[in-house]
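Descriptive structure summary
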Amino acid sequence: MQLPASFNTQSRAALNAACTDIYIIALNSYQTPSLITAAAGSQLLAKAINDATRQQRPNAFNAVILSCSAPSAAGLSSKLTAFNALCALPAFTHAQQHASSLATLDTDKMRLPTTEQSIEWQHVNDCCALPALANAFVDKSKQLVNDEGVQLITDINAALTDTEQLKAARDNRLTETTFQAGANLTVTHSNAQSARALAQQIETLGNNDMHWAYCVFVGSGDNIQTIKELFA
């Protein structure tokens with residue numbers, strides 16, 4: 001996870017333009033009636049993506065696919081905890097919370113859905129709603145404000161000789177950052193031109209691990225560019 005290159009701009013308009021709308025579809029091992037492998041889970045996800053009857057389905061199918069799996073609930077919880085600390089995606093937060101609680105239970109006591117839950121698309125109007133991108137956006141916005149105010153501050157400095165503490169506080173506020181880079185989960189990129197093509201690629205993912213989670217960001221190449229850069 002790294003600061004998106006699209007945020008490396010000196011223009012407020014360009015920064016705002018990098019916050020595009022995207023679609024998300026996700027699934028984890030605790031949303032199925034019984035524990036199945038990550039490979040079987042990718043089949044379910046692919047089937048949902050290929051289903052033209054689902055609401056809020058996108059029209060373009062370039063994608064960034066985040067995936068994570070482990071042979072045990074404790075292992076999955078450990079991997080997702082580190083990721084969620086930097087970018088808490090609802091799909092992975094749900095999986096981590098379940099994995100954490102199940103890690104202390106016997107397999108026969110696991111509370112799983114009694115029926116298969118519907119896998120639905122989510123339309124996100126602004127990809128900067130993602131916590132990591134929100135932090136990066138705020139950091140860059142403050143930098144732009146700071147740069148724009150350099151000349152003004154230069155003029156003001158002469159009048160603030162007796163208030164250096166106030167100036168220092170202002171400078172600190174505008175240079176403090178909240179975005180943190182960190183390790184990614186498994187990232188797969190797709191330039192699929194159709195839902196079917198994306199589904200076919202997702203079907204190849206997964207292994208025999210019984211504890212897993214997938215989160216897929218979907219849209220046109222331009223719309224998911226910032227997501228690609230974030231999880232490069």
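Just above, that's the structure.
One structure accompanies this document, and this report is about it. (Residues numbered from 1 in each chain as written. Predicted model: local features only at pLDDT ≥ 70, side-chain atom pairs only at ≥ 80, totals over all residues. Heavy atoms only, no water.)

**Thoughts on the nonpolar core**
I22, F83, L89, F92, F217, I227 and F231 are the most contacted members of the largest nonpolar core, which has 39 residues in total. Those elements that place two or more of their residues in this core are β1 (22-28), β2 (62-70), α3 (73-84), α4 (90-102), α5 (131-148), β5 (211-219) and α9 (225-230). Once residues lying within four places of it in the same chain are set aside, the contact partners of I227 are I22, V64, C127, L130, L133 and F217. The next biggest cluster of nonpolar side chains, apart from the first, holds 24 residues, and it includes Y23, L27, I119 and I202. (Core = buried A, V, L, I, M, F, W, Y, C linked by side-chain atoms within 4.5 Å. Buried < 20%, exposed > 50% of the residue type's maximum accessible area, 1.4 Å probe, protein only. Helix = DSSP H or I, 4+ residues; strand = E, 2+ residues; numbered from the N terminus. Contact = heavy atoms within 4.5 Å.)

**Topic: the layout of surface pockets**
Space inside the largest pocket adds up to approximately 340 Å³. Along the walls of the largest pocket sit 21 residues, with I24, A26, P90, A91 and Q122 positioned nearest its centre. Of all the secondary-structure elements, those providing two or more residues to the lining of the largest pocket are β1, α4, β3 (122-124) and β5. Ranked by residue count, the leading element in the lining of the largest pocket is β1, at 5 residues. (1 Å grid on protein atoms, 1.4 Å probe; cavity = no way out; pocket = protein on both sides within 12 Å on 5 of 7 lines; lining within 4 Å. Points joined across faces, edges and corners; volume = space filled by probe spheres on them.)

**Some remarks on the environment of Q225**
The topology assignment puts Q225 in helix α9. Between the alpha carbons of Q225 and S6 there is a distance of 8.1 Å; along the sequence they are 219 residues apart.

**Re the packing of α3 against α4**
At a closest axis distance of 8 Å, the pairing of α3 and α4 adopts a crossing angle of 140°. Our classification of the angle between α3 and α4 gives oblique. Handedness of the α3/α4 crossing: left-handed. Between α3 and α4, the residues in contact are A73, L76, S77, L80, T81, F83 and N84 and F92, T93, A95, Q96, A99, S100 and L102, respectively. Split by residue class, the contact of α3 with α4 holds 8 nonpolar, 6 polar and no charged. (Axes fitted to C-alpha atoms, helices over the stretch in contact; angles between N-to-C directions. Parallel < 35°, antiparallel > 145°, perpendicular 65-115°, else oblique. Left-handed = near helix turned anticlockwise from the far one by under 90°. Nonpolar A, V, L, I, M, F, W, Y, C, P; charged D, E, K, R; others polar.)

**Focus: the environment of H211**
Looking at where H211 falls in the secondary structure, it is placed in strand β5. Judged by relative accessible area, H211 falls into the buried class, the value being 5%. Linking H211 and A95, residues 116 residues apart in sequence, is a C-alpha distance of 8.9 Å.

**Observations regarding the pattern of salt bridges**
Going through the model one piece at a time under the given rule, you end up with 2 salt bridges. As a salt-bridge pair, R54 and D51 come within 3.4 Å of each other at their nearest N and O atoms. Judged by relative accessible area, D51 falls into the partly exposed class, the value being 23%. Among the ionic pairs, R54 bridges to E120, the shortest N-O distance being 3.7 Å. In this pair, R54 sits in the loop between α2 (38-49) and β2 while E120 sits in the loop between α4 and β3, placing the two residues 66 residues apart along the sequence. Residues joined by salt bridges that share partners form a network here, namely D51, R54 and E120. (Salt bridge = Lys/Arg side-chain N within 4 Å of Asp/Glu carboxyl O.)

**Quick word on the sheet that holds strand β4 (residues 186-190)**
Read across the sheet, 5 strands follow the order β3-β1-β5-β2-β4 without closing on themselves; strand pairing throughout is antiparallel. Where the open sheet ends on each side, the last strands, each with one partner, are β3 and β4. Taking each pair of neighbouring strands and ignoring which way they run, the sheet shows an average axis angle of 20°. Sheet topology note: the β1/β5 ladder contains 6 bridges and is antiparallel. Across the sheet, residue A26 finds its bridge partner in β5, namely C215. (Pairing = 2+ DSSP bridges.)

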